[in-house]
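# A closer look at the structure
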Amino acid sequence: MTNPLYDTLFARHRDSDAPFMYLNGRAMPYGAFVDRAARMAGAMGALGLEPGDRLAAQVGKSPDAVALYAACAAAGVVLLPLNTAYTPAEIAYFVSDAEAALLVADPGAEAALTEVAHQAGARIATLGQDGGGSLAEATDAADPAEPVARDESDLAAFLYTSGTTGRSKGAMLSQGNLLSNARTLTDHWRFDAGDNLIHALPIFHTHGLFVAINVTLTAGGAMTFLPRFDIDAILDAMPGATAMMGVPTFYTRLLADPRLDRERTANMRLFVSGSAPMLPETHRQWTERTGHRILERYGMTETNMNTSNPYEGERRPGTVGLPLPGVDLRICTPGTTDPVPQGETGMIEVRGPNVFQGYWRMPEKTAAELRPDGWFITGDLGRQDAEGYVTIVGRDKDLVISGGFNIYPREVEEVLDAQPGVLESAVIGIPHPDLGEGLLAVVVPDGDTPPEETLRRALETELARFKQPRLYVFAPELPRNTMGKVQKAALRRTHAGAFDAT
Ligand code: MCA
Ligand code: AMP
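The structure reproduced in this document is the subject of the present report. The shown structure was predicted, so the numbers you read here are calculated from the model rather than taken from an experiment.

The subject of this paragraph is the site of ligand 2. In the vicinity of ligand 2, 16 residues are found, and the nearest of them are Arg297, Thr301, Asp380, Lys397 and Asn406. Between ligand 2 and Lys397, the relevant distance is 2.8 Å, taken from an oxygen atom to a side-chain nitrogen or oxygen of the residue. For ligand 2, whose free accessible area comes to 500 Å², the fraction covered by protein is 92%. Of all the elements in the fold, those that place two or more residues in the shell around ligand 2 are strand 13 (295–300) and strand 19 (390–395). Top contributing element to the shell around ligand 2 by residue count: strand 13, with five residues.

Here's what the structure looks like:
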């Protein structure tokens, strides 16, 4: 009986004493971690979870949260990791859309989320960042479960991603999707058992959960596991670590700290950046200060990683490198399958074992983005030079990336437009010195201008903090083209410098 994801990433480390995670200076060996995960799978079975069931988790970053991922793989349960910033109103949608059988929440959120779970027909259990919670206690008491049989086509996770229009979509990722990318990246970035990765990313997204953790597990290396981005903790970890993965904000914040220098980074061999564009200037400053060249790569929730600058060879600032081995990439005239002439800009499409299985119960949306022959239309606009390096020049989708988090303006506009005193609104991303892009709302009042504070407060209950506009501007109307479409590019130009003054 085999279970490729569990066997490859977890079970084979069952008898290992090698360190998997360093946490507060203490090492958690692989063997202890795998035992914990097997017991958690046992506890999940006792709660009635069956292979194929969905488990939604909104939990803080901890070893048990990683064990939950491993336990889901062992039990054949589909994991649905959720941003810890989401409000109960947001969680309600995911739990009911996925028809989750169990919602695992932080103990502090149990009161607020119990009703949410029950409304959706799900049970609730808790897992605390400090090791407590009902699922942790049940794990302490459970016997290790035997992994269930799976194959690479079985689903391992749903990661929800919003869209330009309509409801958030559950991207279905199979065991094979995750494993193929884990193997490719481990090899491509030369990870091995001697590595110690600084892990300061959240673990509810592809970057922190699959790229960072799966690569570490595939290599049998260790992670210095930090609960969040903390500049002191990262700088302290560097002399004993070998690699770090981060979003561009990690790098700009570190560059602003005078303690970052060659001596502190002398043991490091690899700095990876992704999730959002990195300015060529940041690459240059990093190299000047540390002597290291940041390796920039490009991926998506639906595809894991698609391209990467080379480990050896030229890493070109401003590009996301070359298609990864096994990944096909083409650049087409948008709306067609016709490749553009080499060097020209078009829609980036990708195909390979990394590409997801479609959106959960949304066949039309799947058909609109995933061609029957396997090409996925990314919504990113780019070009490829003669050597194959890809440059992302923009997005065909109305998407803002703030500090590495994706925000679909439509979702924010819908909440704003529903507020009393608001006729309509347009939400845009403009340059932000720390987050890359910051959110600004242009609001057209319906009569008297509503107080900004009232709008801010109304959004707080409905949207996660990172989706709430940082700046509000009131205007008598929105600029529109002859077709009546709001001209967001014009708004972005008008307000381009708004965060310079903040
Ligand atoms: C926190 N806040 C944010 C963000 N993060 N607001 C907008 N955008 C954000 N990204 C809010 C906080 O709630 C807080 O609000 C205020 O901003 C300041 O928080 P601060 O302490 O400065 O933030 P932080 O906790 O230091 O977080 C910033 C961060 C974090 C370290 C950049 O956002 C982060 O870890 N980002 C990584 C995201 C990521 O992993 N992306 C990968 C997904 P208030 O002041 O009101 O309390 S994309 C992906 O997976 C694809 C496949 C890929 O290619 O990788
Ligand atoms: P998500 O849907 O959250 O996985 O975000 C994926 C999106 O992030 C991609 O479609 C790109 O627009 C963007 N992205 C990821 N990595 C990079 C990068 N290195 N440079 C520019 N954009 C990136």
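What follows concerns the site of ligand 1. The environment of ligand 1 is made up of 25 residues, and the closest members are Arg253, Ser275, Ser402, Arg465 and Arg470. Thr206 is positioned such that a nitrogen or oxygen atom in its backbone is 3.4 Å from an oxygen atom of ligand 1. Measuring from an oxygen atom of ligand 1, one finds a side-chain N or O atom of Ser275 at 2.6 Å. Here ligand 1 loses 74% of its free accessible area of 1000 Å² to cover by the protein chains. Counting only elements with at least two residues in the shell around ligand 1, the list comes to helix 8 (206–219), helix 10 (248–255) and strand 13. A per-class count over the shell around ligand 1 returns 10 nonpolar, 10 polar and five charged.

What follows covers the packing of helix 7 (residues 175–188) against helix 8. One way to put it is that helix 7 packs onto helix 8 with a least axis distance of 9 Å and a crossing angle of 70 degrees. Between helix 7 and helix 8, the interaxial angle falls into the category roughly perpendicular. Of the residues in helix 8, those in contact with Leu178, Ala182, Arg183, Leu185 and Thr186 of helix 7 are Phe210, Val211, Asn214, Val215, Thr218 and Ala219. Across the contact of helix 7 with helix 8, the residue classes tally to seven nonpolar, three polar and one charged.

What follows is about the sheet that holds strand 17 (residues 346–351). Remark on secondary structure: sheet strands pair via backbone hydrogen bonds, oriented parallel or antiparallel. In spatial order, the strands read 16-17-18-19; together these four strands make up an open sheet with antiparallel pairing. Looking along the sheet, the strands with just one partner apiece sit at the ends: strand 16 (328–332) and strand 19. Adjacent strand axes in the sheet meet at a mean angle of 45 degrees, parallel and antiparallel pairs treated alike. Direction of pairing for strand 17 relative to strand 18 (residues 376–384): antiparallel, over a ladder of four bridges. In the strand pairing of strand 18, Met347 is matched with Leu381.

Glancing now at the sheet that holds strand 9 (residues 196–199). Strand order in the open sheet made by the nine strands is 2-1-10-9-11-12-13-14-15, with mixed pairing throughout. Of all the strands in the sheet, just strand 2 (26–29) and strand 15 (322–323) have a single pairing partner and so form its edges. Looking at chain direction, strand 9 and strand 11 (residues 243–246) are connected through two bridges and run parallel. Bridge pairing in strand 11 places Ile198 opposite Met244.

Of the two faces of strand 9, the one holding Asn196 and Ile198 and the one holding Leu197 and His199 are both buried throughout. With four bridges joining them, strand 9 and strand 10 (residues 222–225) adopt parallel strand pairing. In the sheet register, Asn196 faces strand 10, and the bridge partner there is Ala222. Viewed along the sheet, the connection from strand 9 through helix 8 into strand 10 turns out right-handed.

Turning our eyes to something else, we now look at the pattern of salt bridges. Following the criterion strictly, the structure yields 31 salt bridges and no others. Residue Arg183 pairs with Glu152 through a salt bridge whose shortest N-O separation is 3.9 Å. Taken together, the positions of Arg183 in helix 7 and Glu152 in the loop between helix 6 (134–141) and strand 7 (155–161) put the pair 31 residues apart, joining distant regions of the chain. A salt bridge links Lys488 to Asp398; the nearest nitrogen and oxygen atoms lie 2.7 Å apart. One end of the pair, Lys488, is in helix 15 (residues 488–494); the other, Asp398, is in the loop between strand 19 and strand 20 (400–402), with 90 residues separating them in the sequence.

Our next topic: the side chain of His199. Position of His199 among the secondary structure elements: in strand 9. Among the residues examined, His199 registers a relative accessible area of 1% and is labelled buried. Side-chain polar atoms of His199 contact the side chain of Lys61, separated by 2.8 Å. Apart from the residues lying within four places of it in its own chain, the contact partners of His199 are Lys61, Gly208, Ala212, Ile213, Met223, Thr224, Phe225 and Leu226.

Core analysis: the largest hydrophobic core is formed by 108 residues, its most contacted members being Leu55 and Met245. What Leu55 contacts, discounting residues up to four positions off in sequence, is Met44, Leu49, Leu68, Cys72, Val77, Val78, Leu79, Leu80, Leu102 and Val104.

Our focus in this paragraph is helix 11 (residues 280–290). The complete set of buried residues in helix 11 reads Thr282, His283, Trp286 and Thr290. One side of helix 11 holds all its buried residues, which, seen down the axis, span an arc of 105 degrees. Each element contacted by the buried residues of helix 11 is listed here: helix 10, strand 12 (270–273) and strand 13.

The next point concerns the environment of Arg470. With respect to the element layout, Arg470 can be found in the loop between helix 14 (452–462) and strand 24 (471–474). Here Arg470 falls in the partly exposed class, since its relative accessible area comes to 38%.

The subject of this paragraph is the pairing of strand 14 (residues 304–308). Within a regular strand, side chains alternate between the sheet's two faces. With five of five residues buried, strand 14 lies mostly within the body of the structure. Relative to strand 14, strand 13 is paired through four bridges, and the arrangement is antiparallel. In the strand pairing of strand 14, Met300 is matched with Asn304. The hairpin formed by strand 13 and strand 14 contains three residues between the paired strands. Pairing of strand 14 with strand 15, which is carried by two bridges, proceeds in the antiparallel orientation. Bridge assignment links Thr307 to a residue of strand 15, and that residue is Pro323.

Reading guide: rules and limits
Residues numbered from 1 in each chain as written. Chains lettered and ligands numbered in written order. Predicted model: local features only at pLDDT ≥ 70, side-chain atom pairs only at ≥ 80, totals over all residues. Heavy atoms only, no water. Near = heavy atom within 4 Å. Polar contact = N/O pair within 3.5 Å; in protein donor to acceptor, adjacent residues only side chain to side chain. Areas by Shrake-Rupley, 256 points an atom, 1.4 Å probe, with all protein chains shown as cover. Helix = DSSP H or I, 4+ residues; strand = E, 2+ residues; numbered from the N terminus. Nonpolar A, V, L, I, M, F, W, Y, C, P; charged D, E, K, R; others polar. Axes fitted to C-alpha atoms, helices over the stretch in contact; angles between N-to-C directions. Parallel < 35°, antiparallel > 145°, perpendicular 65-115°, else oblique. Contact = heavy atoms within 4.5 Å. Pairing = 2+ DSSP bridges. Buried < 20%, exposed > 50% of the residue type's maximum accessible area, 1.4 Å probe, protein only. Right-handed = clockwise from strand over helix to strand, strands pointing away. Salt bridge = Lys/Arg side-chain N within 4 Å of Asp/Glu carboxyl O. Core = buried A, V, L, I, M, F, W, Y, C linked by side-chain atoms within 4.5 Å. Arc of directions from axis to C-beta.

None of this, on its own, says anything about what the molecule does.
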